[in-house]
Amino acid sequence: MTASNEELQSTNEELHSVNEELHTVNIEYQSKIQELTQLNNDIDNLLKSTEIGVIFLDSELKIRKFTPAATLAVSLRDPDLYRPLAELTLKIDCPSLPELLESVLRQHSPISREVQLKNSEAWFLMQINPYQAENGQYDGLAVSFVDINQAKKVQLELNQTLIELRSRETEINNFFQLSLEIMCVANLDGYFKRINPGFERILGYETQELLTQPFLSFVHPDDVAATQEAVQQLSEGKDLIDFQNRYRCLDGSYRWLKWMAACYEGLIYATAHDLTDSKLAQELQNRQLVAIETATNGIGILNADKFIYLNQAYLEIFGCSQPQELLGQSWRSLYEEEQLAEFESEIFPVLQSEGIWQGIVKAKHSLGYLFDQELTLNLTSTGDLIWVC
């Protein structure tokens, strides 16, 4: 009997010890449950507060959890938990979503797509990622929707700006390439960076030859110093207007060029007009003018019946000493009424029909007497009348 009591007491003590251990384990479990509950609450609050829409799907593509922001992309309510996503209405325009979800489930490779809300200009970045548990096993998907509307708007504006810039670049290139004038971009160190076909056409060199040699090597020796001074002015921020120098052509001749240029961020942007033909024409005109001035025949030019030019011989024939005495005056003041009548009735009709008339007329000297004047009249294509006597 005594032995039985002792065994019962020993068993009771063991049970008490086990009970204390169970109580300790229960307290630990309660603490773990409290921690898990707190963690779950934290996750729920995080999901609710985030502006990123997230939908968690199981391996059968049923909804396990979602954030409030996800309702912007999919028609979701709390009763939709554990329903297949395929049964819900999509607000985004993404017909291929089922195929994308299946692809990520099979291959475990994330997929990203930019998707637009139906009947809206709003955009989301949709990211489909495999859901991986702590043990490394894949268990469904996490589908997120990030609002990129502002970024998309900026992107579209940038794309439009890029299109406009490319269009302008094309226009500038066309203008640069098709211009009949010389156009170029040069460094301040004296080399061309870019030239247009007008440069090659006027000077005759290949592009590479013009780009690989200092541009001063093409300038006439007498114009080098002035050209260096012009480059210096450009480097100081001064624009160049109506600067003229001579450039050597491939055949050894020189062409006169009139430049307009400006410097921006260390580069010279310049255009030039070929003055050679007009220079030659001006030189010829100057020579002709010298010949007319020194001619022994009197030469006068009239426009609208008034003198616009007289050489010295013409002045001397009529006894005038200064051109101002006749310039701007009517030729009629040099003839009597009878002679004027002959001009109108006989001379001008022939002049109008044949463009030239030659003969003798009675002219009036500045001293008042009349004299015989051998006169040739020429009517020019511009309407001017040339008197030679």
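Overview of the structure. (Residues numbered from 1 in each chain as written. Predicted model: local features only at pLDDT ≥ 70, side-chain atom pairs only at ≥ 80, totals over all residues. Heavy atoms only, no water.)

Our focus in this paragraph is the side chain of Thr 276. Residue position: Thr 276 is located in helix 7 (residues 276-294). For Thr 276, a relative accessible area of 7% corresponds to the buried category. A distance of 2.8 Å separates the side chain of Thr 276 from the backbone nitrogen of Trp 256, its partner in a polar contact. A distance of 2.7 Å separates the side chain of Thr 276 from the side chain of Asp 274, its partner in a polar contact. Ignoring anything within four residues of it in the chain, the contact list for Thr 276 reads Tyr 254, Arg 255 and Trp 256. (Helix = DSSP H or I, 4+ residues; strand = E, 2+ residues; numbered from the N terminus. Buried < 20%, exposed > 50% of the residue type's maximum accessible area, 1.4 Å probe, protein only. Polar contact = N/O pair within 3.5 Å; in protein donor to acceptor, adjacent residues only side chain to side chain. Contact = heavy atoms within 4.5 Å.)

Ile 55, Leu 57, Ile 92, Leu 101, Met 126, Ile 128 and Phe 145 are the most contacted members of the largest nonpolar core, which totals 28 residues. With five residues, helix 2 (residues 97-107) is the largest single contributor of residues to this core. Setting aside chain neighbours within four positions, we find Phe 145 in contact with Ile 52, Gly 53, Ile 55, Ala 73, Val 74, Ile 92, Phe 124, Leu 125 and Met 126. In terms of nonpolar packing, the next biggest core, distinct from the first, is built from 26 residues, Ala 186, Phe 215, Val 219 and Ala 230 among them. (Core = buried A, V, L, I, M, F, W, Y, C linked by side-chain atoms within 4.5 Å.)

What follows concerns the sheet that holds strand 13 (residues 356-364). In space, the five strands of this open sheet follow the order 12-11-15-14-13, with antiparallel pairing throughout. Each edge of the open sheet carries a strand with a single partner, namely strand 12 (306-310) and strand 13. Mean inter-strand twist for the sheet, computed between neighbouring axes without regard to direction, equals 30°. As judged from the four bridges shared by strand 11 (residues 299-303) and strand 12, these two strands associate in the antiparallel manner. Along strand 12, the bridge assignment pairs Asn 303 with Lys 306. (Pairing = 2+ DSSP bridges. Axes fitted to C-alpha atoms, helices over the stretch in contact; angles between N-to-C directions.)

Our focus in this paragraph is the pairing of strand 6 (residues 182-187). Among the six residues of strand 6, five are classified as buried, and the element is accordingly described as predominantly covered. When strand 6 meets strand 10 (residues 267-274), the two strands line up antiparallel, connected through six bridges. Note that in strand 10 the partner of Met 183 across the bridge is Thr 271. Across three bridges, the pairing between strand 6 and strand 7 (residues 192-195) is antiparallel. Opposite Val 185, over in strand 7, you have Arg 194 as the bridge partner. Once strand 6 ends, the chain turns through four residues before running back antiparallel as strand 7, passing Gly 190 with a positive phi of about 100°.

Strand order in the open sheet made by the five strands is 2-1-5-4-3, with antiparallel pairing throughout. What marks the edges here is a single partner per strand, and that holds for strand 2 (63-66) and strand 3 (111-116). Averaged over all adjacent pairs, the angle separating strand axes in this sheet is 20°, with direction ignored. Of the strand pairs in this sheet, strand 4 (residues 123-132) and strand 5 (residues 138-147) are connected by eight bridges, and their pairing is antiparallel. Its bridge partner being in strand 5, Pro 130 is matched across the sheet by Leu 141. Of the strands in this sheet, strand 1 (53-57), strand 3, strand 4 and strand 5 touch helix 2, which is tilted by about 30° from strand 4.

Our focus in this paragraph is unusual backbone geometry. One non-glycine residue, Asn 119, lies in the positive phi region at around 55°. Examined against the element boundaries, Asn 119 turns out to sit in the loop between strand 3 and strand 4. With relative accessibility at 86%, the residue Asn 119 sits in the exposed group.

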